[in-house]
Each structure stands twice: as structure tokens, then as C-alpha cells.
Amino acid sequence: MAMATTQQQPVQHIQQLQSTNPVEVYSALRTIKNAIIGSNAKKTLYYQLQIIPHVSSLLALDDTDVQIRVQATTIVSSLAHKGEDVAQQLVDGGVMEALIGQVMPGTDAALMEASERALNALLGYKAIRMGAEEHTHTMVPYLLSIITEAKESSRMFEMRMHARVELAVLILEKLCVTEARQFTVANTGAMDLLAPLLQRGYPRLQVATLRAFAALSYENMEISRALATVAHDGRVFPQLVAELARHSDADVRLHACLCLANLSRMRALGDARAVLSVAVPALAKLLRGSDVPRLQVIEALGYLCHEDAEIQMAAKNAGAVSDLVAILAEIESQDGADFVDHARNVQETRAVFLALGTIVSAGEECRMRAVESHAMAHLVRALGHSDDGVKAAACLCTQYIVRSVPICRTHVPESGLLRPLLALVRSSVTSVQEKATAALINLLPDFSPLRADALKEGVVDVLARLVESEHVTIRRNALWGLRNLLVGADDDTRRQIIAHVSVARLSTLAQTGDKAVREQAAGVLQNVTAENEVGAQAVFDALGAPQIVELLRTLLASEDSAVTVHALYLTNNIAVRERSLCELIVGDRGLLQTIMDYARSPVSEAAIGALWCINSIASHRADSDSDDSSEPRFLAELEAQNVQSMLETLLSDPGLCLGVRDRVKSCLDYFSSPDM
Amino acid sequence: MTASSAKQTISLDEWERKMHEVPIAKSDLNQLIMNYLIIEGYKDAAEKFSEESGLTSSVDLGSIEERMQIRFAVQNGDIRAAIERVNDLNPDILDTDPRLYFHLQQQQLIELIRQGKAEEALEFAQDELAPHGEEHPELLRELEKTMALLAFEVTGESPLAELLDFEHRQKTANELNAALLAAHSQPREPKLPALLQLLAWTQDQLDEKVNYPRISNIVSAVLEESGKDTLNAGSTPRP
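Residues numbered from 1 in each chain as written. Chains lettered and ligands numbered in written order. Predicted model: local features only at pLDDT ≥ 70, side-chain atom pairs only at ≥ 80, totals over all residues. Heavy atoms only, no water.

Can you help me understand the overall build of chain A in this one?
For chain A, the count of helices and strands is 43 helices and two strands. Over its C-alpha trace chain A gives a radius of gyration of 33 Å, far above what one expects of a compact globule, namely 26 Å for 676 residues. Expressed along its principal axes, the backbone C-alpha trace of chain A runs to roughly 110 × 60 × 45 Å. Put simply, chain A has 676 residues, and 56% of those count as buried. In chain A, of all internal contacts separated by at least 6 residues, the share reaching a separation of at least 24 is 68%. For chain A, the accessible surface area stands at approximately 27,600 Å², while carbon and sulfur atoms represent 49% of it. (Helix = DSSP H or I, 4+ residues; strand = E, 2+ residues; numbered from the N terminus. Rg over C-alpha atoms; globule rule 2.2 N^0.38 Å. Buried < 20%, exposed > 50% of the residue type's maximum accessible area, 1.4 Å probe, protein only. Contact = heavy atoms within 4.5 Å. Areas by Shrake-Rupley, 256 points an atom, 1.4 Å probe, with all protein chains shown as cover.)

Following this line, the structure appears as C-alpha cells:
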């Protein structure tokens, strides 16, 4: 009987909410409130008993008693902590409008505070923040008025005022979820208004303010640059934040570093010292501590180090690389253990690999440090992880570590990396496949000891199939992998690739579709025809003369400079081998003219490519290519295009870059031969 | 020669003279006392002290009363009342601090066991604590230990006895008080105990290097000249 009563109580409480007696309603709300706060199980129970429509309707009624409103609003706030789906149901039930009405001036102070807590909780979810567009313009002025009132107030120490200012700043932070809203808030003068709060000496308020600044400046160059000039008490914002990055409170330090990271990423900091000597060491130290959620620190470190070799090096010097690897070891030691939050460990593992990948992306020293810290073993283990996010992150980290030629030659062969990586290349999960193929690319160049093993494992077949993937990035990566395989490849490998992918298919891929795919396909064609005549002959056999010429014309006419450079070298590779193939090119005046035009290009890479073409055409002799005494075979055609004159004009240009100048001179050697 | 005679010795006079050269502002002393009174919750004393010292408090003295009522509720074993008061004061605290919430629920379970309400305790553990432990595996070890109270008769020697000790209520009360203070950017602990700990540690460090008048009793704070006792203990009676 006692059990039944316990189960019936929640039902009775819900029924009481419909009572006409406000005392009963208040009592029921209070009981429900105290049951659900802190307890997800009770939140679920009352959610299933349809608490949301009841509280929504209570808040929607104009004549609902203030005390009842406070309790109902607190229930909304607590339910919002349950999760995004519950929060969305609350919003769909119309609570936002009620809450905003309850924060307007003139409302009961306790109700205003409860409403701000509820708004803060609801806006904790991105989807709800994004959907709050219509409310932003109403809320922002109100929030700023709270901050204005508190700015100079001596009553800031009062608990209620303190809480309200903190909540107002946190809500403001959450509203800055799009670029447009960032500008909406920034244009109200919020930055100057918030700056003094950084020095009010209340850590929670300082953290809230730093979060607001971070949200305002996130990925926004204009606001970041404006923020860098905001001043208070004779110091500019970066100085204020750099001081806070040394605060005794770990939360303050973390969020100060996040602000500095935002400014750094947007190149808004004129002086990098604040980042290098303050933020990086601060984050490295937080990584070793336990005062703040480690996941946030790892993500902040990764964000700060993104695409900045100097900061990456500073992170390595601060011990971040070895500390990140140590975290991996710690998490692995907890595998299968009881009393461990494995879900959090998975998130941290993912974050560590992403951050580590970022730090080692540019610099050899950083990569070596990672390897010396035994990162390879963790990487290989992570490639077999059950979580796809971890696998993808591990692939990304692998991709950057194996950029190092020495590491590729020494540490990678014994690591056991190849098989698990190839398994992921075959994964059915797109995100994993993308990252795995990107990592594989770096293991296939001619200097890589794993190349031979990869060929034995059937990598050509795998990549050839992926060329037909529906995902652009995977197609691109597969082509890139094939391109790398072709450099220094033996004839068997070259023929194998041609057989699997087909010249016709490569030709189509090089001319149509996504830019990145076209570039790589053109690169594959270039490499297929390089080094000897096998590839060039295969191209001729597959396409025939007219199609080859058409292919070259199309590729050379591309607006993408990467494609045209590949096309020039493809032309060169075709021209240099057999006279008969060279005739195809020389025989087409338009093609020849295009080559001449590229020889004069201000882009040195294109000019050099074109000059190689001219060099190759000019190298063929009338009788035998090996007989230097016989005349250049295609002299007349070249003279008809005024090639010599063009070369001489180029040479006379004092601004000509060295690489181009050398090529021009080599070409002119053919024209200055006594045989001519 | 004894080891102690190799160390420098500072006389009481010299020590006291050097101490007097260190400036300590009265306002700093007052702040320390005020800090202690506020954090420990002596509201009336804090108000009186503020009045008499002329010290303007940077802390909301009104909130002390609320915190102390919550603290007394926990110390008296009325956890439900404490939770209700916390939720009235700041409903976000227990929703955003699962460890604190768990410890309060754990204390409530302990009170039910202490009152001999085994069936109610079991139901409470199943309904309230077990789901919480599922969501937060890092708390499961503590949960297991607490559940063991239901399975075993706890004697004074039992490792579980500390849970039933009234000291555990104090520990829970302190944790809750610290969370309430932190929610309003107030320090979690008073500074005076830390200063006394620093004193004890510093004296331990100095003991290895020098003979000096040390404070052995922090309540009396009397400087006891060292070296005298050491000398007496080491000397050989002469005929």
C-alpha cells in the first residue's frame, strides 16, 4: 500500500494543479518543484505526467498569482535542465513569451529573477537560441538596462542584484549565436558597458562577462578588432583579459584564455605576447589540474593553436603535447572500469586527438614530441575505437603526424597503423572515411615505407572504388592518393591504376564537376604520363588524338590555376616522349598559342610549366631525338609562333623570377644552336 | 655537540623586536575577522562587528541568515527542509551540481537509516539515489558504500560507521554552505584557518633550520623560547 501511495502522489500533485484553490495549486507546484530540482528521474516522471501544459497555461493566464508564477517559472527553469527536447517542448508551449513578459520592469523582483533563470536555462540549447530571433530585440535593451543599473551600483554585493546581473550577462552571451545578432548586441554599446564588470572582483560575474565577450567576438573579425580597442581604467581589453588569465580562480583563467583565443584567431591582437606568454601556459597548466572541466580546456587549446605555427610551438614548449598524450593513457587505463564516466572519456578522447592534431599540424618539432610521448600507440588503438568520432579524430591526428617524412620513415612502419587505417578507409561512415582517406594520402608518397604494404593490401582497388564515391571530399582524397602512388611508381603499378580507374574516367573527372576533384584528376593524369612513355601511350590509346587535344584545350582554359598547371605538365609529359605525340600538340596552333600565353604568365608556376612544354617540343630532333646534330624537328612551327622572340623579350625583363629565367635560358639554347 | 647547536638561535627579544617591525593594518585584521564571521554564518556578530569597527561589508549580510538556516537544517538531519530552502534561495544550485545533490540525498538516506526506517530507506535509495548513480557513474562507489548501511549492522569499528557519525552531517553542511557562497562569488572558506595552517607549516619548515621562539598553542599564541628546553634535555649533570 505504501508503494502505491508513493506512486500516486505525483499524479495527485498534477491533479492539484487544476484546483480552483490557489493555495492547493501553490502547494502542488512547490512540491513538484522540490521533487524535480536535481533529479532527472523526477523530471522525467512529471514530464510524462504532462506537467508542461499545466505550467504553460498557468504562465499564460494574466491573473495568475505572483507566488504561483514564481513556482511555475522555477519548474520551467528546472525542466529546461533536463535536455533539449524538453526545453523545446516548453518553448513550443509558449513559455518564452510569458517569461519575457515577466522580466519587464515593474515585475515582482523574485519573479524577475526566476524568469531570468528560466530564460538562461532554455537558451542553453543552440536550437532554442537560434529560434529566439524574434525575442532578441526585446530582450537586449532590457538586459543592458540591468547591467547599466548595476555598473556603478554599490549594491552589487547584494545577493539578488549580483545574481540578476550575472544572469543578464549570461543571457546576453547566449543571444550572440549568429553574426547578425553579434552585431545587434555590439552596436548597442554592450562592449563598453560590459568591460567594467571584468574588474568588479566577483569571479562568477567575471566569468559570465568573459563568456559574453567570447560569444560576441567568436569568428567575427570586425567585432574582435573593435573589442581589442575597448578600454577601461586606462587599459585596453587584451590587457585586462591577459591579467584575468592569471587570476586565482581557474574558471576565470579558462574563459580569459578563450577570449584571447578568439582575438588571436581573428588576428585582432597586435602583439602575440598575450597569447604566447599568458594564454598558452595558462591553458597548459589548467590541463594538468582538475579545477575546471578538462574537456573545455582541451577544446580551448585546440582552438587557440589552429593554423598558427608559433602558438603550436609555444603549446609544445609548455608541455601540452605530452600532457595530452598522458590524458589518453589515463583514459585508456580506465577502459572497462566501474565507477567511471565512460561517455565523458569518449568526448575527451575525441577532443584530445583533435587538439593534438592541430598542434602537430604545422611543425616537425611538435610532431616529434608527440611521437616521443608514445602518441602512435594511442593513435593505432583509437583507430579501432567503437566511437566514430574518436576514429575520425584519430585519423585527423594521424594525417598531421605522418606529414613528417622522418616519422613516416622511422616510427610509422612498426606502429601497425596501416591495416586499421585501411579498414577505416573502407568504413561505411562518411565522416570516418573522409578523415581516413586524408590520412592515407600522406602514407602513399614514394618515400613512405608503407607504400609497398599498402599496394599489397589492395590500396589501388580501394582508391579506385572511392573515386566513384558520392561524397566529394572522398573522391578528391581517393584521387590524391592515386596521384601520390604514381610518383616514382613502377610500370606495373602505373598500369594497374590506369586499368582500375581508366583514362577516360580521369579525363571526365578532370573536366567536369567539383573544383577540388577536377584539380586532383588533372594531377593524376599528369602523374600517369610522367617518368616514362607507358602512361602517355596509355592516354593516347584510350582517348585518341582528337580527344587528347580537346582535353588539353579544356584543361588549359580552366579558371582554376591548379588545374592549368597540371594541364601544362600533362602537355609537357605528352610532348616530351614520342615525336608522334608531340605532333598532336604542335599541330594545333591554338594549343601552341595557349602555351605561349602561359609562358608570359605573371604566375611563375604556370610560366615554368609552359616553358617546360616549349623545352620539350624544341628537344625533338628531325632524325633522331638522341642525335643532337640533327635539326630541331618542330623549329618551323615554333618560329611561326615567334617563340624565340618571345623568349628573348622575357629574358630582357629584369623583374623575371629566377626559376622562370632559368627555364627561358634553357629554351633559348635550342634556338641559339649552330644547327639553326 | 648536539645537532641543535649547529642551528642558528634567535632569542625571544630579537624575535619580538622583528615581529613588531612587520606592519599589520587594523583594517586588514578587521577584514579577516569579518570574513570569518560571514563565511561561518555569525550574522549577528558580523552586523555588530561591522557597526563597531566601522567596516563596510562587501557581502550581503542578509544572506547569512538564509545560509545559516540551511546549515542548521542539515546539522539537525532535516535534509528535506534544507533542500527546500536551497531551492527557494537559488534553484539553479542543485540542478547544476549533481555531486552536491547526491551528497544531500545520501545524507537523507543516512537519516532514514539512523531512524530505523529501513523500508522507507530502501525505497528512497531505489527511487532517488539509484537513478542518480546511473547518470553519474563516478558517484556509484559512494552509493555502494551508502547502500551497504542497509545490508550490514554497523558497529563502531565498521568502515561504514563514519557515515552514521554526526560528523558526516557537518561535512555535508559544509559542502552545501561552500556551494551557496560560491554561487555568489564569495570565498568558500574563511581565510583565518588558512593563515593558521600557514603558520604551522612555516614553523615546521623553520624548525629544521633555526631555534626560535615558536607558538605551540594557537589559542594562547604565546611565544615559547626554544633552545632552553633543548639545552636542558641534552646537558650532562656535573658532579
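Back to the text.
Would you take a moment to explain the overall build of chain B for this structure?
Looking only at helices and strands, chain B has 13 helices and four strands in total. For chain B, with 239 residues in total, the buried portion stands at 41%. Restricting the contact set of chain B to residue pairs at least 6 apart, pairs at least 24 apart contribute 56%. Element-wise, carbon and sulfur atoms account for 54% of the exposed surface of chain B, whose accessible area totals about 14,000 Å².

Quick question: what am I supposed to make of the packing of helix H2 (residues 22-36) of chain A against helix H3 (residues 40-48) of chain A here?
Two packed helices can be described by the angle between their axes and the distance between those axes. All names here are of chain A. One can describe the packing of H2 onto H3 by two numbers: an axis separation of 7 Å at closest approach and a directional angle of 135°. Taken as axis vectors, H2 and H3 run oblique relative to one another. Contacts between H2 and H3 involve Ile32, Ala35 and Ile36 from the former and Lys42, Lys43 and Tyr46 from the latter. (Axes fitted to C-alpha atoms, helices over the stretch in contact; angles between N-to-C directions. Parallel < 35°, antiparallel > 145°, perpendicular 65-115°, else oblique.)

So what exactly am I meant to see when it comes to empty space enclosed by the protein here?
Rolling a probe over the atoms, with the probe sized like a water molecule, indicates the empty space that remains. All told, the structure shown has two cavities of 30 Å³ or more when counted by the stated rule. For the second largest cavity, the calculated volume is near 30 Å³. As for the second largest cavity, its lining consists of Gly38(A), Ser39(A), Asn40(A), Ala41(A), Tyr101(B), Glu128(B), Pro131(B), His132(B) and Glu135(B). At the level of elements, H3 of chain A together with helix H8 (118-135) of chain B are the ones that each hand at least two residues to the lining of the second largest cavity. With four residues, H8(B) is the largest single contributor of residues to the lining of the second largest cavity. Here the lining of the second largest cavity is composed, by residue class, of three nonpolar, four polar and two charged. (1 Å grid on protein atoms, 1.4 Å probe; cavity = no way out; pocket = protein on both sides within 12 Å on 5 of 7 lines; lining within 4 Å. Points joined across faces, edges and corners; volume = space filled by probe spheres on them. Nonpolar A, V, L, I, M, F, W, Y, C, P; charged D, E, K, R; others polar.)

Would you take a moment to explain the pattern of salt bridges for this structure?
For side chains of opposite charge, pairing can occur when their charged atoms come near one another. Evaluation of the coordinates by the stated rule reveals 42 salt bridges over all chains. With a shortest N-O distance of 2.9 Å, Arg117(A) and Asp92(B) are connected by a salt bridge. You can see Arg117(A) sitting in helix H8 (residues 109-122) and its partner Asp92(B) sitting in helix H6 (residues 92-96), one on each of two chains. Judged by its relative accessible area of 7%, Arg117(A) falls in the buried class. Ionic pairing is found between Arg553(A) and Glu550(A), a salt bridge with its closest N-O pair at 3.0 Å. Of this pair, Arg553(A) and Glu550(A) are both found in helix H36 (residues 545-556), three residues apart, which corresponds to roughly one turn of the helix. (Salt bridge = Lys/Arg side-chain N within 4 Å of Asp/Glu carboxyl O.)

Honestly, helix H32 (residues 491-501) of chain A in this entry has me stumped. Any pointers?
Since one α-helical turn is 3.6 residues long, residues separated by three or four positions face the same way. All names here are of chain A. Of the positions making up H32, those classed as buried are Thr493, Arg494, Ile497, Ile498 and Val501. End-on, the buried residues of H32 take up no more than an arc of 135°, which puts them together on one face. Across from the buried face of H32, at angles greater than 90 degrees, the exposed residues are Asp492 and Ala499. Turning to H32, the residues buried within the fold contact helix H29 (450-456), helix H30 (459-466), helix H31 (472-486), helix H33 (503-511), helix H34 (515-528) and helix H35 (533-543). Ser502 lies just past H32 and shows a positive phi near 75°. (Arc of directions from axis to C-beta.)

Looking at this structure, I do not really get helix H12 (residues 179-186) of chain A. What am I missing?
Residues and elements named next belong to chain A. Among the residues of H12, those classed as buried are Arg181, Gln182, Val185 and Ala186. All buried residues of H12 project into a common sector of 135° when viewed along the axis, lining one side. Residues of H12 that are exposed and point more than 90 degrees away from the buried face comprise Glu179 and Ala180.

What is the right way to read the interface of chain B and chain A from this model?
The accessible area lost on association of the parts is a frequent measure of interface size. Contact with chain B, which involves 33 residues of that partner, is made by 33 residues of chain A. Both faces combined, the contact of chain B with chain A buries some 2,800 Å², and carbon together with sulfur accounts for 49% of it. Counting across the interface, chain B meets chain A through six salt bridges. Applying the counting criterion to the chain B and chain A interface returns 11 residue pairs in polar contact (both at pLDDT 80 or more). Among the elements of the structure, helix H4 (62-75), helix H5 (79-89), H6, H8, helix H9 (140-151) and helix H11 (166-183) of chain B are those that each provide at least two residues to the side of chain B that touches chain A. Ranked by the residues each element gives to the side of chain B that touches chain A, the list is headed by H8(B), at six residues. Of the residues belonging to the side of chain B that touches chain A, the class tally is 11 nonpolar, nine polar and 13 charged. (Buried area = accessible area lost by both parts, 1.4 Å probe. Polar contact = N/O pair within 3.5 Å; in protein donor to acceptor, adjacent residues only side chain to side chain.)

In this structure, what is going on with the side chain of Asn484(A)? I would like to understand it.
Residues and elements named next belong to chain A. Considering the arrangement of structural elements, one finds Asn484 in helix H31. Given the relative accessible area of 16%, Asn484 is considered buried. Setting aside its immediate chain neighbours within four residues, Asn484 contacts Ile441, Leu444, Pro445 and Arg451.

Could you clarify how one ought to interpret unusual backbone geometry in this entry?
Outside of glycine, negative phi angles account for most residues, and trans bonds account for most peptide bonds. Despite not being glycine, Arg267(A) has its phi angle at roughly 55°, a positive value. Considering the arrangement of structural elements, one finds Arg267(A) in the loop between helix H17 (250-265) and helix H18 (273-288). The phi torsion at Ala221(B) lies on the positive side, around 55°, for a residue other than glycine. Relative to the helices and strands, Ala221(B) is located in the loop between strand E3 (214-215) and strand E4 (223-224).

Such coordinate-based values are descriptive only and should not be taken to indicate function.
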